[in-house]
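# Close look at the chain arrangement
Read off the chains here:
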Amino acid sequence: MARFIITLALALVPTLFFGQSVFDKFDGQDDITSVVINKKAFEMLGEIKTDVKEKEVAKYMKMANNIDNFRLFSTSSIKKAAEMKSTFDSYRKKEGLEELVRVNDDGKNVLIYMKSGKSSSKVKELLMFIDAGDKKGDETVLISLIGDIDLASLDGLSK
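Residues numbered from 1 in each chain as written. Predicted model: local features only at pLDDT ≥ 70, side-chain atom pairs only at ≥ 80, totals over all residues. Heavy atoms only, no water.

## Re the pairing of strand 2 (residues 67-75)
- The buried fraction of strand 2 amounts to 7 of the 9 residues, a majority that puts the element mostly inside the structure.
- Bridge analysis of strand 1 (residues 33-38) against strand 2 gives 6 bridges, and the strand direction is antiparallel. Along strand 2, the bridge assignment pairs asparagine 38 with asparagine 69.
- Pairing geometry for strand 2 and strand 6 (residues 140-150), over 8 bridges, is antiparallel. (Buried < 20%, exposed > 50% of the residue type's maximum accessible area, 1.4 Å probe, protein only. Helix = DSSP H or I, 4+ residues; strand = E, 2+ residues; numbered from the N terminus. Pairing = 2+ DSSP bridges.)

Below, the structure is given as structure tokens:
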């Protein structure tokens, strides 16, 4: 019995260190374009020295240091889009994400959900789904951004 418990514990330990996202299943699939940027890349970006003293650049560099993961998946395949939508819906419900924005324009839907952070201006996760609908050739896009994101910084950058 002790061997079984030790074996089970050793089998489960790697999952603690190699955090997989539910969306990783879309990475490397045919008909899906993926862009994945991990924490190390954002840390390297935040360490870039610049001579520019502008406040906007400093805010961007600080924000980059607080991003853990960025994932973008897009497809024009109706079948793959339906799979992405199903995964998006089950994930947002399971994780208890709050709806932030919903837009329906000419058959295309844009959904943005978030998971709150430590304060009202902080967000742990932003999840966006752009549903192209049933039109052939239009792209369906799924974006996941995880970290300690300050909405005030995003507002400053958008201006």
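What follows continues from the structure just given.
## Some details on the side chain of aspartate 89
- Among the secondary structure elements, aspartate 89 is positioned in helix 4 (residues 78-95).
- Classification of aspartate 89 by relative accessible area gives buried; the value is 17%.
- Separated by 3.3 Å, the side chains of aspartate 89 and arginine 92 make a polar contact. (Polar contact = N/O pair within 3.5 Å; in protein donor to acceptor, adjacent residues only side chain to side chain.)

## Observations regarding the sheet that holds strand 5 (residues 122-131)
- Here we have 6 strands laid out as an open sheet, ordered 1-2-6-5-4-3, and antiparallel in their pairing. Two strands lie at the open edges of the sheet, namely strand 1 and strand 3 (98-105), each paired on one side alone. On average, each strand axis in the sheet is inclined to that of its neighbour by 10 degrees, with strand direction left out of account.
- Inspection of the sheet shows strand 3 paired to strand 4 (residues 108-116) by 7 bridges, in the antiparallel sense. Its bridge partner being in strand 4, aspartate 105 is matched across the sheet by lysine 108.
- Relative to the sheet, helix 4 contacts strand 2, strand 4, strand 5 and strand 6, its axis offset from that of strand 5 by approximately 150 degrees. (Axes fitted to C-alpha atoms, helices over the stretch in contact; angles between N-to-C directions. Contact = heavy atoms within 4.5 Å.)

## Description of the pairing of strand 5
- Bridge count for strand 4 against strand 5 is 8 bridges, and the pairing is antiparallel. In the strand pairing of strand 5, valine 110 is matched with isoleucine 130.
- Hairpin remark: strand 4 followed by strand 5, antiparallel, with 5 residues in the connecting loop.
- Summarising the sheet, strand 5 and strand 6 pair through 8 bridges and their orientation is antiparallel. Across the sheet, residue leucine 127 finds its bridge partner in strand 6, namely serine 144.

## With respect to the packing of aromatic side chains
- Overall, the coordinates contain 4 aromatic pairs when judged by the stated rule.
- Cluster of aromatic residues (ring-pair linked, three or more members): Phe88, Tyr113 and Phe129. (Phe/Tyr/Trp six-rings, centres within 6.5 Å; stacked < 30°, edge-to-face > 60°.)

## Observations concerning the nonpolar core
- Counting residues in hydrophobic clusters, the biggest one holds 13 residues, and the most contacted among them are Phe23, Phe26, Phe73, Met84, Phe88, Leu127 and Leu142.
- Broken down by element, the residue count for this core peaks at 3 residues, all from helix 4.
- Not counting chain neighbours up to four residues away, the residues in contact with phenylalanine 73 comprise Phe23, Phe26, Asp27, Ile32, Thr33, Ser34, Val36, Met84, Thr140, Val141 and Leu142.
- Ile67, Val123, Leu126 and Leu145 belong to the second largest nonpolar core, which has 12 residues in total. (Core = buried A, V, L, I, M, F, W, Y, C linked by side-chain atoms within 4.5 Å.)

## Describing helix 4
- Given a rise of 1.5 Å per residue, 18 residues ought to cover 26 Å, and the 26 Å separating the end C-alpha atoms of helix 4 matches this to within 8%.
- Burial in helix 4 covers these residues: Lys80, Ala81, Met84, Thr87, Phe88, Asp89, Tyr91 and Arg92.
- Packing partners of the buried residues in helix 4 comprise strand 2, strand 4, strand 5 and strand 6.
- In the stretch just after helix 4, glycine 96 is the one whose phi turns positive, near 65 degrees. (Expected span 1.5 Å × (residues − 1).)

## What about the pattern of salt bridges?
- For the structure shown, the criterion picks out 8 salt bridges.
- Two residues, lysine 39 and aspartate 68, come together in a salt bridge whose shortest N-O distance is 3.0 Å. With lysine 39 in helix 2 (residues 39-46) and aspartate 68 in strand 2, the pair connects residues that are 29 residues apart, well separated along the chain.
- With a relative accessible area of 30%, lysine 39 lands in the partly exposed category.
- The exposure class assigned to aspartate 68 is partly exposed, which follows from its relative accessible area of 32%.
- Salt-bridge contacts for lysine 122 lead to aspartate 148; the nearest nitrogen and oxygen are separated by 3.7 Å. Here aspartate 148 lies in strand 6 and lysine 122 lies in strand 5, a separation of 26 residues in the sequence.
- Take aspartate 148: its relative accessible area is 28%, and that puts it in the partly exposed class. (Salt bridge = Lys/Arg side-chain N within 4 Å of Asp/Glu carboxyl O.)

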